[in-house]
Amino acid sequence: MPEWLEAGLWGLVAGGALVVGAAVAWSVRVPARWIAMIMAFGAGVLISALSFELMDEAERAGGLVPAAAGFVAGACAYVAANALLARHGARHRKRSGDQQPSEADVQGSGAAIAIGALLDGVPESVVLGLSLVGGGKIGLAVLAAVFISNVPEGLSSAAGMKRAGRGARYVFGIWGGIALASGLAALLGNLTMQSASPAVTAVIMGVAAGAILAMVADTMIPEAFERAHTLTGLITTIGFLAAFAVERLAE
């Protein structure tokens, strides 16, 4: 199988977790507290993966300065884009309660939520594609982190969409489209980085890591803490440790 195609398929698998989460939320009423605890676990998993699989590898590949520059740039880009989308109704796109606005409440909020979901998912998928460049193997810890975190993201956001009055066609259209976009992002990430220098690779991985960390802090942890309260820190720690163990055992 061509390397770029394998990258695209892994990206699609990781993005497909969003559809799984959305399907659960649509068919079963999951208690908000459970959603929050799963979200906290997913946040810990992502923080672990970006620490050991992204920033560590970026620094080893191209040095501290390119990795750090990319890290800050990724966080700044995400925060700026997220702030813009929040002004158009996407601030609470991962919330499972009544915080999400309907289209009647905020015109264009549906499109903003869709773009926001895409913004959240693309950096993770690009990293999956990068991990296969040059005949490498898929980063098991990153794949597990993205998949595990995507399930509660899809679950929580879809529950909020349903409460806001959006229909099944819209909800599953959004998450199905994001899953396809995740596969495409992984594919393109692999193709475009085939001949990249170590410094450029470090910058790109740093950008992805910074964007993911900003996303976790801005969207996942607030949703988790609102419902899980004092358990959030403990569950996030368990998620971090689980991903760390997977990364070490996979070596």
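Everything quoted here is computed from the prediction, not taken from an experiment.

A. Quick look at the overall build of the protein. Regarding its fold elements, the protein presents eight helices and zero strands. Its helices and strands taken in sequence order, the protein reads α-α-α-α-α-α-α-α from the N to the C terminus. A total of 251 residues make up the protein; the buried ones form 47% of that total. For the protein, the proportion of contacts with a sequence separation of at least 24, taken over those separated by at least 6, is 85%. Of the accessible surface of the protein, which amounts to about 10900 Å², a share of 70% is contributed by carbon and sulfur atoms.

B. Representation of the UniProt feature "transmembrane region" (unreviewed entry) in the protein. Sites flagged by UniProt as "transmembrane region" (unreviewed entry) map to residues 7-28, 34-52, 64-85, 126-149, 170-189, 195-216 and 228-246. Secondary structure over residues 64-85 splits into 100% helix and 0% strand, and the C-alpha atoms at its two ends are 31 Å apart. Strand forms 0% of residues 228-246 and helix 89%; the C-alpha atoms that close the span are 25 Å apart.

C. Summary view of a nonpolar patch on the surface. Nonpolar side chains collect at one region of the surface, where Met1, Trp4, Leu5, Leu9, Leu12, Leu180, Leu184, Leu188 and Leu191 lie side by side and expose about 850 Å² of accessible area between them. Looking at the nonpolar patch, the elements with two or more residues in it are helix H1 (3-27) and helix H6 (168-192). Its place among the elements puts leucine 191 in helix H6.

D. Looking closely at the nonpolar core. Of all hydrophobic cores here, the largest spans 34 residues; its most connected members are Leu46, Leu54, Val142, Ile212, Val216 and Met220. Elements represented by at least two residues in this core include exactly helix H2 (32-62), helix H3 (64-90), helix H4 (109-130), helix H5 (140-163), helix H7 (198-228) and helix H8 (231-249). Ranked by residue count, the leading element in this core is H7, at eleven residues. Once residues within four sequence positions are removed from consideration, valine 216 is found in contact with Ala43, Leu46, Ile47, Ile221 and Pro222. One finds Leu18, Ala22, Val30 and Ala158 within the second-largest nonpolar core, a separate group that totals 14 residues.

E. Local environment of the pattern of salt bridges. One pass over the full model with this rule turns up one salt bridge. In this structure, aspartate 56 and arginine 60 form a salt bridge, with 2.9 Å as the shortest nitrogen-oxygen distance. Here arginine 60 and aspartate 56 lie together in helix H2, a separation of four residues that amounts to about one turn. Residue class for arginine 60 comes out exposed when judged on its relative accessible area of 62%.

F. Structural detail: the environment of lysine 162. Position of lysine 162 relative to the elements: it lies in helix H5. The class for lysine 162 is partly exposed, based on a relative accessible area of 39%. Distance from lysine 162 to alanine 22, taken between C-alpha atoms, is 9.9 Å for residues 140 residues apart in sequence. Those residues within four positions of lysine 162 in sequence are excluded, and the remaining contacts are Ala25 and Trp26.

Cut-offs applied
Residues numbered from 1 in each chain as written. Predicted model: local features only at pLDDT ≥ 70, side-chain atom pairs only at ≥ 80, totals over all residues. Heavy atoms only, no water. Helix = DSSP H or I, 4+ residues; strand = E, 2+ residues; numbered from the N terminus. Buried < 20%, exposed > 50% of the residue type's maximum accessible area, 1.4 Å probe, protein only. Contact = heavy atoms within 4.5 Å. Areas by Shrake-Rupley, 256 points an atom, 1.4 Å probe, with all protein chains shown as cover. UniProt positions renumbered as here; feature names shortened; annotations may be inferred. Patch = residues over 30% accessible without salt bridge, like charges linked within 9 Å, V, L, I, M, F, W, Y side chains within 5 Å. Salt bridge = Lys/Arg side-chain N within 4 Å of Asp/Glu carboxyl O. Core = buried A, V, L, I, M, F, W, Y, C linked by side-chain atoms within 4.5 Å.

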